[in-house]
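# Per-entry structural report
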Amino acid sequence: MSWTNTRGKSKRQRQGNVEDTRCQILRKINSTGQITRDDIIQLYHVGKPICQGCRVNSKDSPNCFCGLIPPPNGVRKQGLWQKVADTITALGADPHESLRSSLDSPSGLTNLGATCYANSILQCLYMNTAFRSGFFSAEPELLQKQPVLCQLSRLFSQLHSGKKVAVDSAAFTRTLELDNGVQQDSHEFLTLLLSLLEQFLSHSKNPQAKTVVQDLFRGSLSHVTRCSMCGKDSEASGKLEDFYELELNVKGLNTLDESLDDYLSIENLQGENQYFCESCKVRTDATRCIKLRTLPPVLNFQLKRCVFLAKTTSKKKVTSKFCFPGTLNMGPRLSDDQNLKPLIYDLSAILIHKGATVNSGHYVAHIKDEQNRIWWEFDDEQVSKLGFHPFGEGSSTTRSKVGSPGMDPDSKSSIVNGAVEESLADQQVLSDATETNNPITFSSSDAYMLMYSQRRLTEDVEIYKSSASEAEPMVIDGSEISSINFPSLPKHLCQEVEVLNKQYDTICEEYRLKKDELLCKVTERKSEVRLILSEAPVYSLDEPYYWISTDWLRQWADNLTHISLDNSNLQCQHGKVPPARLYSMKRISTNAWARLLSKYGGGPVLSDNDYCTDCIKEEAKVEASANSYRDNRTAMKEAVEAALSGHYADENLYYVSRTWLMQWLRRKIVDAPCDGDAGPTASLRCCHGNLLPEQAPGAKRQLVPEKIWFYFLQNAREVDSDNPEGHMPFHSNSESCAICELDLSKAATIQDHLRVTKMEQRQRHEQLCMGKSVAVLPGHSYYLVPSFWIAKWKAYLTASGKNASTVEEPGSLEQCLDSVLCRKHFQLLYRPPELVIKRGEYTQRNPNADALTIITEKDWEVFCQEWDVPASKGISFLVEFQTSEANGISGSCKEVPITEDELNVDDQECKMSKIHTLRTQPEICKECIEDRESCEFMRKLEYRNEEIRIHLFRGKEPPRSILTNSGSLPDVERRTSRRSRKTSTNGSSINLKVSGCTTVYQLKMMVWESLGVVKENQKLHKGTTELVDELATLADFNVFPGDSLWVRDTEVYENRDIAEELSEQEMENEQLEEGFKGTLLTSTVPAQVV
């Protein structure tokens, strides 16, 4: 066997070699004026080898068809060659996927937006066979009169015998006028729905349907009030009240028994709540309680997981775990005068609310099939089998287990063709005694409603067995319906379901036909593309061929739709194929072209003889011109380099901009002049039209020979002919502009004078300019100057070089002095600087941060001369000392507190204490200073998006370093050592971005989110002050940017998700919920026929 040599097949010729060959051919054509067949082969790359197995399509080869389609087993993300599954998605959803697997498994209900609350309740009602049987017994005439009953019967019939895995409930919700986008409470929906059904069914002539709601869900109770003196009950105690569910408290209670005890507990009426006894004729102590008189067959317990918070006027969900039994004996819960025989209820449904808040989340229902005792989870469209455990087999929600109340999993084989064998009936009737005494207990933190069904023991099981065995099997669409869906549908509903099932079968069949047609079309199209591309290569140079657009070929090979041939983008103005279109076309054989043209039509037809000689000659002319330009520019570049080195003959020389010339040298050699060739002397021309002096900024120039200058001039005119000033010639003997030279000379003189003036000022104020502190001596006069003026003055004197001209003078010193005086009293608006003892001398403590700077009297006198300031405008500063016996430490007066630096004083100086007094002229205006500092303080508190530090502490007492940092006043210039910054917090810390208007509540929420400490457990402090008021802002507690706060975790309340708090906060801003207001459920007008 011989193998094809594929070595180096993916290698391509170097671009430089290909371009050199092309340029040589074009130069030859330009010189001879003749085009040979070999020239055509070279220019159009006809002779390139046919590619096989390249990764991508080669644009420069007209013989490469690789990459147009994927490999035999490859696919693409879209188009003709995508996966079959992606191709079928164009037909929409497959209706076969929505087919019900078996009528023995329940169907789901579609969620129309936020209708999960209604879907779960409807499934609970439908899965109750007694309710379903009674509802189906309603006569057709009544259903036609009442739209709600009609739509509900259709919904139940589709759940019973429909073929769809999920039934659309839109018609029923539309009849009730429900808003599908608003989440509602499922308990409220059940209460209103049962009331509405009871009202409509009361018009039925069938007794079973007329009272089905009352017979299954209605019980009775009484509120008994008993006098403690005479022991008699009130008259109202004998009045019976109907109930359809019992609302039980959950908060603080752990089990269903505890909730029932709480519901039936005795309340003592004492004090202001005393009862007026009709028998005793006085107000007296009494007891009040609820007594259950009768219980319905279906007992609903509504767990009150929604509690109202009076503090925030919002609702909150109780998420604590709650235990409930699988079997419940309600006999002892009935009133005392009734027989205490067992009244056993079995758990039949659990309504679950998933979510952290009561106004959001999701409802699902876990319901037990009454015939086979298998639990199912109804989650809108999804219905999952749970087995014999309400939370799934192997679930951890079971608390205690003694025996199994349900069938053994192995007993599933005892259900044959929908009939229940004797073993299952015996197990249902003869339940073990331990099941009642020690039932299985389940727990859930999301259980919202519990539904228990009364056990009917032997009688009902026998009735069920006889009904299941004697009932004739129901047939729909030729399929026998299992008796597990007992009771069977009425005839009129059976016919409606059969019509719907046939319609859905038609939809499924239509989809199958469309799918088969599409797949067949795709297969045929792929085969056609592969066949034509396999015939497309032309293997011989002598064979005729046709040109075809690569873009059209790519679309055709990757598209299922029919598109006509389009080669219009390949034609030049002469109607032929120019060499410039080489990268946009392919060369295909006559057979491939004939197939494409016959099937798709279009054009134009471009054969191997349709090459454009005019375009080839024009391109050859352009190439020759470009080659000449490149050669000339290369030669000129060498000449310019020689000129820059000073090697040029004694000939006419011209000036060009040196900056422009250096950029011209660095540019890459191109085929024609570009914008960079414009303006060789633009920067040398002054505003008077003359040669700018070389001393001017940007006027550096270079002499070049006349030959080079005319080359530059020719290119500049070609590029920018409208701007002759940019290439104005300046001969070597051209004189510089006299006016500009004079202006430059004057400017240089001014700069020299300014430089000398600055140097003299630096020498006269050497100590002040160097930033050295002034030593303050007693009895000597000093002066105060605004610190911001001193800073500008220093920057002005020290500026040099290019920055010297950009730095402005500090401004009028006299005006700056006036700005530090109040306009009301003409007194000093700032406090005098604080003094500190350093090495036995009093100096200014922080001259960089103080508003005023201390200078000597000599400096002030010189300032008056230099900046033309009257001496009377000065702010004098005098320090008076009084020496007294002390305890060896230098002190200070109230105005200037002593610092730790004073401890460095020599022992001899420490024997005496010096008390100093600061005197200024003009005096300090305390009133205006307090107003100004107050305004500045408030301005500092109006910060936005600044950082503060939060330390989490879990110990008994926080470290002293935290108390010091968090309680200190804001000091922008405060410096802390590295050692002080490495403070152990016995916890963790974090930086938070806050504003002055951030409330304490918002800050606690940020701490909760960042450090995981719930809001109620946070004790937030600044220093020793606790931030208690959550409505107060950080500005109210004087919290500044950079401050450190600390928080203690009390660990009193249990952790919870922050999403609960955030959702409750959002609900406070929303409008009050309207419930079912505006729907048919709350309407008193009976429904009319639709």
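Residues numbered from 1 in each chain as written. Predicted model: local features only at pLDDT ≥ 70, side-chain atom pairs only at ≥ 80, totals over all residues. Heavy atoms only, no water.

## Describing the sheet that holds strand S6 (residues 267-269)
Formally: One bridge is not enough; two strands pair if DSSP finds at least two bridges between them. The helix and strand labels rest on DSSP assignments: H or I over at least four residues marks a helix, E over at least two residues marks a strand, and numbering proceeds from the N terminus. Here, axes are lines fitted to C-alpha atoms. For helices the fit covers the stretch in contact, and angles between N-to-C directions go from 0 to 180 degrees.
In space, the four strands of this open sheet follow the order S4-S3-S9-S6, with antiparallel pairing throughout. Among the strands making up the open sheet, the edge pair consists of strand S4 (241-243) and S6. For this sheet, the mean angle separating the axes of adjacent strands, direction not counted, is 35°. Two strands pair when backbone bridges link them, and strand S3 (residues 219-227) and strand S9 (residues 286-294) are joined in this way by eight bridges, in the antiparallel orientation. Note on S9: the bridge partner recorded for Leu221 is Leu292.

## Some words on the side chain of Asn567
To keep it simple, the criterion reads: N or O atoms closer than or at 3.5 Å make up a polar contact, with two conditions inside protein: a donor-capable atom paired with an acceptor-capable one, and, for residues adjacent in sequence, both atoms drawn from side chains. Should any heavy atoms of two residues lie within 4.5 Å, those residues are considered in contact.
Mapped onto the elements of the fold, Asn567 is located in the loop between strand S27 (565-566) and strand S28 (585-589). For Asn567, the side chain forms a polar contact with the main-chain oxygen of Pro604, separated by 3.3 Å. Setting aside anything within four residues of it in sequence, one finds Asn567 in contact with Trp547, Ile548, Ser549, Trp593, Gly603, Pro604 and Leu606.

## Focus: the nonpolar core
How we decide: To define a nonpolar core, start from buried Ala, Val, Leu, Ile, Met, Phe, Trp, Tyr and Cys residues and group those joined through side-chain atoms within 4.5 Å. Note on exposure labels: buried denotes an accessible area under 20% of the residue type's maximum, exposed denotes more than 50%, and partly exposed covers the range between, all computed with a 1.4 Å probe on protein chains only.
If you look at the biggest cluster of nonpolar residues, it comprises 61 residues, and the most contacted ones within it are Leu125, Phe131, Phe156, Leu176, Phe189 and Leu1081. At nine residues, helix H9 (residues 186-201) tops the list of elements feeding residues into this core. If we ignore the near neighbours within four places in the chain, the residues touching Leu1081 are Leu176, Leu178, Phe189, Leu192, Leu193, Leu196 and Phe1076. Core analysis: the second largest hydrophobic core is formed by 36 residues, Leu292, Phe301, Val307 and Met330 among them.

## Considerations on the packing of helix H4 (residues 116-126) against H9
Rules: Angle categories are assigned with fixed cut-offs, so that under 35 degrees is roughly parallel, over 145 is roughly antiparallel, 65 to 115 is roughly perpendicular, and the rest are oblique. Here a crossing is taken to be left-handed if its near helix is turned anticlockwise relative to the far helix by less than a right angle, and right-handed if that turn runs clockwise. The classification used treats Ala, Val, Leu, Ile, Met, Phe, Trp, Tyr, Cys and Pro as nonpolar, Asp, Glu, Lys and Arg as charged, and all other residues, Gly among them, as polar.
Contact geometry for H4 and H9: axes closest at 9 Å, N-to-C directions at 55°. Overall, the two elements H4 and H9 adopt an arrangement that is oblique. Our pair here, H4 against H9, has a crossing hand that is right-handed. Across the interface between the two elements, Tyr117, Ala118, Ile121, Leu122 and Leu125 of H4 pack against Ser186, Phe189, Leu190, Leu193 and Leu194 of H9. Of the residues that constitute the contact of H4 with H9, the class distribution is nine nonpolar, one polar and no charged.

## Topic: the packing of aromatic side chains
Selection criterion: Stacked, edge-to-face and tilted labels apply to pairs of Phe, Tyr and Trp rings (six-membered ring for Trp) whose centres lie within 6.5 Å, assigned for plane angles under 30 degrees, over 60, and everything in between, in that order. A ring has a charge above it when a Lys NZ or an Arg CZ is no more than 6 Å from the ring centre and no more than 35 degrees off the ring normal.
Tallying each qualifying case throughout the model produces 25 aromatic pairs. Judged by centre distance (6.0 Å) and plane angle (65°), the rings of Phe131 and Phe217 are edge-to-face. One end of the pair, Phe131, is in helix H5 (residues 129-136); the other, Phe217, is in helix H11 (residues 212-217), with 86 residues separating them in the sequence. Using a relative accessible area of 0% as the deciding quantity, one classes Phe131 as buried. Relative to Tyr452, the ring of Phe301 has its centre 5.7 Å away and its plane inclined at 75°; by these criteria the two rings are edge-to-face. Of this pair, Phe301 sits in strand S10 (residues 298-304) while Tyr452 sits in strand S23 (residues 447-454), placing them 151 residues apart in sequence. The exposure class of Phe301 is buried, given its relative accessible area of 0%. Accessibility expressed as a relative area gives 0% for Tyr452, which makes it buried. A connected cluster of aromatic rings, assembled from ring pairs, spans Tyr126, Phe131, Phe135, Phe156 and Phe217. When the ring centre of Tyr655 is taken as reference, the NZ or CZ atom of Arg701 above it lies at 4.7 Å.

## Brief notes about helix H22 (residues 738-764)
Test applied: Here a helix's expected span is defined as the number of its residues, less one, multiplied by 1.5 Å.
For H22, which comprises 27 residues, the first-to-last C-alpha distance of 39 Å matches the rise-based estimate of 39 Å (1.5 Å per residue) to within 8%. Listed as buried for H22 are Cys740, Lys758 and Gln761. At its buried positions, H22 is contacted by helix H24 (787-798) and helix H26 (857-866).

## Focus on the pattern of salt bridges
To keep it simple, the criterion reads: Salt bridge, as used here, is a side-chain nitrogen of Lys or Arg placed within 4 Å of a carboxyl oxygen of Asp or Glu.
Tallied over the full model, the rule gives 33 salt bridges. Asp233 is the partner of Arg226 in a salt bridge, and the nearest nitrogen-oxygen pair spans 2.7 Å. Residue Lys824 pairs with Glu927 through a salt bridge whose shortest N-O separation is 3.5 Å. Here Lys824 is found in the loop between helix H25 (813-819) and strand S33 (835-838), whereas its partner Glu927 is found in helix H28 (residues 926-940), with 103 residues between them in sequence. Given the relative accessible area of 60%, Lys824 is considered exposed. Glu927 sits in the partly exposed class, given a relative accessible area of 42%. Connected through shared salt-bridge partners, Asp257, Asp261 and Arg333 make up one network.

## Quick word on the pairing of strand S17 (residues 375-379)
By the criterion of burial, S17 is predominantly enclosed, with four of the five residues buried. Across four bridges, strand S16 (residues 362-368) lies against S17 in antiparallel orientation. Within the sheet, the bridge partner assigned to Ala365 lies in S17 and is Phe378. A loop of six residues connects S16 with S17, the two strands running antiparallel in sequence, and Arg373 in this loop sits at a positive phi of about 60°. Once S17 ends, the chain turns through two residues before running back antiparallel as strand S18 (residues 382-387), passing Asp380 with a positive phi of about 55°.

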